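Residue strings, one per chain:
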Protein chains: 2
Amino acid sequence: MPDRFDAIYRIRADVATIEARAQAIAVEQSVEMPLDAIDDPRVLSEIVGRVAAITDRGGGLYDVRIALAIETVGGDAAQLLNMAFGNTSLHDDVVLLDLDLPAEMAARFGGPRHGIDGLRHRVAAGARALTCSAIKPLGLPPDRLAELAGRFALGGIDFIKDDHGMADQAAAPFAARMPACAEAVRQSAAVAGHPTHYVPSLSGDLGALRRQLRLARNEGIDTVLIAPLLIGFATMQTLVREFPDMAFIAHPTMGGAARISPALLIGRLFPLIGADAVIFPNHGGRFGYSPVTCRTIAATARAPGTGLRGALPVPAGGMTLARVPEMLDFYGRDAMLLIGGNLLAAGDQLTRQTAAFTRAVAAHAHEGQ
Amino acid sequence: MPDRFDAIYRIRADVATIEARAQAIAVEQSVEMPLDAIDDPRVLSEIVGRVAAITDRGGGLYDVRIALAIETVGGDAAQLLNMAFGNTSLHDDVVLLDLDLPAEMAARFGGPRHGIDGLRHRVAAGARALTCSAIKPLGLPPDRLAELAGRFALGGIDFIKDDHGMADQAAAPFAARMPACAEAVRQSAAVAGHPTHYVPSLSGDLGALRRQLRLARNEGIDTVLIAPLLIGFATMQTLVREFPDMAFIAHPTMGGAARISPALLIGRLFPLIGADAVIFPNHGGRFGYSPVTCRTIAATARAPGTGLRGALPVPAGGMTLARVPEMLDFYGRDAMLLIGGNLLAAGDQLTRQTAAFTRAVAAHAHEGQ
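A few points on the structure.

Parameters and conventions
- Residues numbered from 1 in each chain as written.
- Chains lettered and ligands numbered in written order.
- Predicted model: local features only at pLDDT ≥ 70, side-chain atom pairs only at ≥ 80, totals over all residues.
- Heavy atoms only, no water.
- Helix = DSSP H or I, 4+ residues; strand = E, 2+ residues; numbered from the N terminus.
- Rg over C-alpha atoms; globule rule 2.2 N^0.38 Å.
- Buried < 20%, exposed > 50% of the residue type's maximum accessible area, 1.4 Å probe, protein only.
- Contact = heavy atoms within 4.5 Å.
- Axes fitted to C-alpha atoms, helices over the stretch in contact; angles between N-to-C directions.
- Parallel < 35°, antiparallel > 145°, perpendicular 65-115°, else oblique.
- Left-handed = near helix turned anticlockwise from the far one by under 90°.
- Disulfide = S-S within 2.5 Å.
- Pairing = 2+ DSSP bridges.
- 1 Å grid on protein atoms, 1.4 Å probe; cavity = no way out; pocket = protein on both sides within 12 Å on 5 of 7 lines; lining within 4 Å.
- Points joined across faces, edges and corners; volume = space filled by probe spheres on them.
- Nonpolar A, V, L, I, M, F, W, Y, C, P; charged D, E, K, R; others polar.
- Salt bridge = Lys/Arg side-chain N within 4 Å of Asp/Glu carboxyl O.
- Least-squares fit on C-alpha atoms with pLDDT ≥ 70 in both.
- Buried area = accessible area lost by both parts, 1.4 Å probe.
- Polar contact = N/O pair within 3.5 Å; in protein donor to acceptor, adjacent residues only side chain to side chain.
- Phe/Tyr/Trp six-rings, centres within 6.5 Å; stacked < 30°, edge-to-face > 60°.
- Lys NZ or Arg CZ within 6 Å of the ring centre and 35° of its normal.

1. Overview of the overall build of chain A
Phase 1 of the analysis: When helices and strands are tallied, chain A shows 15 helices and 12 strands.
Phase 2 of the analysis: Scaling as 2.2 N^0.38, a compact globule of 369 residues should have a C-alpha radius of gyration of about 21 Å, and chain A matches this with 22 Å.
Phase 3 of the analysis: Across its three principal directions, the C-alpha atoms of chain A cover 70 × 45 × 35 Å.
Phase 4 of the analysis: Taking all 369 residues of chain A together, 63% fall into the buried category.
Phase 5 of the analysis: Once local pairs closer than 6 in sequence are excluded, the contacts in chain A between residues at least 24 apart make up 75%.

As structure tokens, then:
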């Protein structure tokens, strides 16, 4: 087993300062103390971070590769964030660009347990792209949300998720909302003849999350929505390990990706700790990600690391029916399209518009077909 | 009980676009769907976010106050982050500047359970400022770390914390490190005649954190170090509730404060969910925070909200003995000075330098004395 992994930082600096800045990060992210105050030879040779490469990217930006000791992380995913970016995240001049983990280290975290094939199989999607929508808004009671979910399912959609803002609020507590929506989707799926899956959103501490997962499993749910940055990376690891039958779709809320590269955070780290699908803001919607960023997130999620299953990319955030062909050309068939507000805006035409969405995806001729 | 709390955002925009941008955030952070697709009058009047004020700050920056529904948050601190900044954190043009919570809402979270007075009382500090150092580096075995902790305690320091990088690594597992350091500090404290407290760093999921807290309590520990952004806000809430005898010192690792105002994140939110002391990077050290930012963090931590206890500000990050008088003039006596690497660099003079540190703090004549 190798004893180092690499963290790659993009740093604003100049040619006179970059070497010292790189060395300072290597110290900050390992021993966090003056090296000449360390008298232990093992710590100096095996623990202190090492600057492995500095690449000038032009325009005052440098990419710096630092080799950090695997033993400072162990198998704890929160500790991976702590050692890769913890204190350095407080500096303005640096973005965490990527992590390069040896296969043996990635295997400890395990990656997606179901991944692209598992999600495809759940909804009998064959080789086409997958479809998803969301029930909203916050504040509706369970019966109104369940009615909405049922209408989406009548349109033959693959997955219907809770809005990521839905937690355990008084207007629609999890224990009332989840069974009502699950039942409505079961009934509509039987009518429509398509195995639509309802994906409830989980929240709270580990105890609450476990209770919600058990309740969901009792309702036949096998796919859930989770926000890794809200529940914490260590908590997510535990859930993925304890509920191996569940597929986990990761929501990027609180991702604040300006300081961690979105491709790393959403595309690599969410799958690493067990996300089977990752939602991210598509270009040209409500968020400012570029097409290059989106393509990189998708490519990274599908191949998050040696020996790990791929996770399904889920572009979202203000998507419309009109964009379906263009998005399928852009992402190909290993993707799930998520259209929320645009379908909800159809009002009493919701089921019809949903059916148009699912037909457009099923009928799309992918490049090379 | 009021039904709204305010989130204040600093937005890059211009006079032609700011109103639409503010309204878009009000929708994003509440119902996240087109308003004309909502037919429920209760949701429109009670749930949808409302732009309450827009203030031109000059230079293309605007401060926007948005009133959000308290019922979308409930009592879950992770959900507070989700509703205040979740999706909006993914946008480049906006920083979450502050939260204005009604006292009744803040009381649900509870704030520091021990706070400034509780920490002062633990170490019989009287009216002076408090002192702290850290045992490092990562990679040393428990007996070496315990020896270091003992030498700090002989110098009469108030608190000795684990390096925040210390988790449950093989070189010094928590169950071996914590009792060894606690015992060394007990012995030295008896010799020095000062009630030095050892503050172990906690990590892992809720189950691991609970086990570590129980082990620590059995060793007589009553103060611990925790990283709210690593363990998750909901998990921290649970620990604070379940271990009312423990004081919690919050570490800012993974704070990436460029997108959330440091005064809000470290000064207000960490105390809100129960931190009794908050560590932050002092100006002029290894990090780039300005004096104004540091003063604001300290002032906010000491008065985090109506009806809540104050939390103790802990400036740190590359501090030196030489800076003690200046720091005490700057922060006053309701502060704990944390000097780590600079004391460790003293080598076999560690105890003597630590004693010089504690004497400098005890002897300082605060303004107005």
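Now that the structure has been shown, we can carry on.
2. Let's talk about the packing of helix 8 (residues 206-218) of chain A against helix 10 (residues 233-242) of chain A
Residue and element names in this part refer to chain A.
Phase 1 of the analysis: Put simply, helix 8 and helix 10 touch, their axes get as near as 11 Å, and they point 30 degrees apart. In this view, helix 8 runs roughly parallel relative to helix 10, as classed from their interaxial angle. By crossing handedness, the relation of helix 8 to helix 10 is classed as right-handed. Facing helix 8, whose interface residues are Leu206, Leu209, Arg210, Leu213 and Arg217, helix 10 presents Thr235, Thr238, Leu239 and Glu242.

3. Some words on the state of the cysteines
Phase 1 of the analysis: Enumeration over the complete set of coordinates arrives at zero disulfides over all chains.
Phase 2 of the analysis: Left unpaired, A:Cys132 is separated from the closest cysteine sulfur, that of A:Cys181, by 13 Å.

4. Quick word on the sheet that holds strand 4 (residues 94-100) of chain A
Residues and elements named next belong to chain A.
Phase 1 of the analysis: With antiparallel pairing, the four strands of this open sheet are ordered in space as 2-3-1-4. Two strands close off the open sheet at either side, each with one partner strand: strand 2 (50-58) and strand 4. Taken over all neighbouring pairs, the strand axes of this sheet differ in orientation by 20 degrees on average, direction set aside.
Phase 2 of the analysis: Each of strand 1 (4-12), strand 2, strand 3 (61-69) and strand 4 touches helix 1 (residues 18-28); the most contacted strand, strand 2, lies at about 135 degrees to it.
Phase 3 of the analysis: Across the sheet, helix 3 (residues 77-85) is in contact with strand 1, strand 3 and strand 4; its angle to strand 4 comes to roughly 125 degrees.

5. Remarks on empty space enclosed by the protein
Phase 1 of the analysis: Counted under the stated rule, the structure contains seven cavities of 30 Å³ or more.
Phase 2 of the analysis: Lining the largest cavity are 27 residues, and of these A:Leu229, A:Met254, A:Gly255, B:Leu229 and B:Met254 lie nearest its centre.
Phase 3 of the analysis: Of all the secondary-structure elements, those providing two or more residues to the lining of the largest cavity are helix 3 and helix 9 (228-231) of chain A together with helix 3 (77-85) and helix 9 (228-231) of chain B.
Phase 4 of the analysis: It is helix 9 of chain B that contributes the most residues to the lining of the largest cavity, three residues altogether.
Phase 5 of the analysis: Along the lines of polarity and charge, the residues of the lining of the largest cavity split into 17 nonpolar, eight polar and two charged.
Phase 6 of the analysis: Taken together, 19 residues line the second largest cavity, and the ones lying closest to its centre are A:Asn82, B:Leu202, B:Ser203, B:Ala227 and B:Leu230.
Phase 7 of the analysis: Those elements that provide at least two residues to the lining of the second largest cavity are helix 3 of chain A together with strand 8 (223-226) and helix 9 of chain B.
Phase 8 of the analysis: The leading source of residues in the lining of the second largest cavity is helix 3 of chain A, at three residues.
Phase 9 of the analysis: Among the residues forming the lining of the second largest cavity, the class breakdown is 10 nonpolar, eight polar and one charged.

6. Here's the deal with the pairing of strand 9 (residues 247-250) of chain A
Residues and elements named next belong to chain A.
Phase 1 of the analysis: The two faces of strand 9 match: Ala247 and Ile249 on one face and Phe248 and Ala250 on the other face are all buried.
Phase 2 of the analysis: Judged from the four bridges that link them, strand 8 (residues 223-226) and strand 9 form a sheet pairing that is parallel. When the bridges of strand 9 are listed, Thr223 appears paired with Ala247.

7. Observations concerning the sheet that holds strand 3 (residues 61-69) of chain B
The strands that make up a sheet pair up through hydrogen bonds in the backbone, lying either parallel or antiparallel.
All names here are of chain B.
Phase 1 of the analysis: Taken together, the four strands give an open sheet; going across it, the order is 2-3-1-4, and neighbouring strands pair in antiparallel fashion. The open sheet is flanked by strand 2 (50-58) and strand 4 (94-100), the only strands paired with a single partner. Along the sheet, successive strands turn relative to each other by an average axial angle of 20 degrees, direction set aside.
Phase 2 of the analysis: Along the sheet, helix 1 (residues 18-28) contacts strand 1 (4-12), strand 2, strand 3 and strand 4; its crossing angle with strand 2, the most-contacted strand, is approximately 135 degrees.
Phase 3 of the analysis: Against the sheet, helix 3 makes contact with strand 1, strand 3 and strand 4, and its axis sits at roughly 125 degrees relative to strand 4, the strand it touches most.

8. Observations regarding the pattern of salt bridges
Phase 1 of the analysis: Counted under the stated rule, the structure contains 46 salt bridges over all chains.
Phase 2 of the analysis: Its salt-bridge partner being A:Arg65, residue A:Asp6 comes within 2.8 Å of it at the nearest N-O pair. Of this pair, A:Asp6 sits in strand 1 while A:Arg65 sits in strand 3; the two residues are 59 residues apart in sequence, bridging distant segments of the chain.
Phase 3 of the analysis: Between B:Arg151 and B:Glu147 there is a salt bridge whose closest N-O contact spans 3.8 Å. Taken as a pair, B:Arg151 and B:Glu147 lie in helix 6 (residues 142-154) at a separation of four residues, close to a single helical turn.
Phase 4 of the analysis: Classification of B:Glu147 as partly exposed rests on a relative accessible area of 42%.
Phase 5 of the analysis: Look at the salt bridges and you will find they share partners, linking A:Glu28, A:Glu32, B:Lys136 and B:Arg286 into a network.

9. A look at the relation of the copies chain B and chain A
Phase 1 of the analysis: Once chain B is rotated about the relating axis by 180 degrees and shifted along it by 0.0 Å, it coincides with chain A to within an RMSD of 0.0 Å. Both chain copies can therefore be described as sitting about a two-fold axis. For chain B, the smallest separation between a C-alpha atom and the rotation axis is recorded for B:Gly232, amounting to 2.4 Å.
Phase 2 of the analysis: Mapped onto chain A, 100% of the interface residues of chain B are again interface residues, and the two copies thus contact each other with one and the same surface.

10. A short note on the interface of chain B and chain A
Phase 1 of the analysis: The interface of chain B with chain A comprises 70 residues on the first partner and 70 residues on the second.
Phase 2 of the analysis: With both sides pooled, the region where chain B packs onto chain A buries about 5,400 Å², and carbon together with sulfur makes up 58% of that total.
Phase 3 of the analysis: Of all residues in chain B, the largest losses of buried area upon contact with chain A belong to B:Leu90, B:Leu230 and B:Met254, amounting jointly to 13% of the total for that side.
Phase 4 of the analysis: Between chain B and chain A we count 10 salt bridges in total.
Phase 5 of the analysis: The tally of links from chain B across to chain A stands at 30 residue pairs in polar contact (both at pLDDT 80 or more).
Phase 6 of the analysis: Residue assignment for the side of chain B that touches chain A shows that the elements contributing at least two residues are helix 2 (41-47), helix 3, helix 8 (206-218), helix 9, helix 10 (233-242) and helix 14 (341-344) of chain B.
Phase 7 of the analysis: Among the elements that take part in the side of chain B that touches chain A, helix 3 of chain B stands out by supplying six residues, more than any other.
Phase 8 of the analysis: Classifying every residue of the side of chain B that touches chain A by side-chain character gives 32 nonpolar, 24 polar and 14 charged.

11. A closer look at the packing of aromatic side chains
Residue and element names in this part refer to chain A.
Phase 1 of the analysis: If you walk through the whole model with that rule in mind, you get six aromatic pairs over all chains.
Phase 2 of the analysis: Taking the centre distance of 4.7 Å and the plane angle of 70 degrees together, the rings of Phe330 and Tyr331 count as edge-to-face.
Phase 3 of the analysis: Here Tyr331 falls in the buried class, since its relative accessible area comes to 5%.
Phase 4 of the analysis: Members of the aromatic cluster, each reached through a chain of ring pairs, are Phe280, Phe330 and Tyr331.
Phase 5 of the analysis: In this arrangement the basic side chain of Arg295 is found over the ring face of Phe330, its NZ or CZ atom lying 4.1 Å from the centre.

12. Comments concerning unusual backbone geometry
All names here are of chain A.
Phase 1 of the analysis: A cis amide bond links Lys136 to the next residue, Pro137, at an omega of -5 degrees.
Phase 2 of the analysis: Residue placement: Pro137 occurs in the loop between strand 5 (130-135) and helix 6 (142-154).
Phase 3 of the analysis: The phi dihedral of Glu32 is positive, around 55 degrees, even though this residue is not glycine.
Phase 4 of the analysis: Mapped onto the elements, Glu32 comes out in the loop between helix 1 and helix 2 (41-47).

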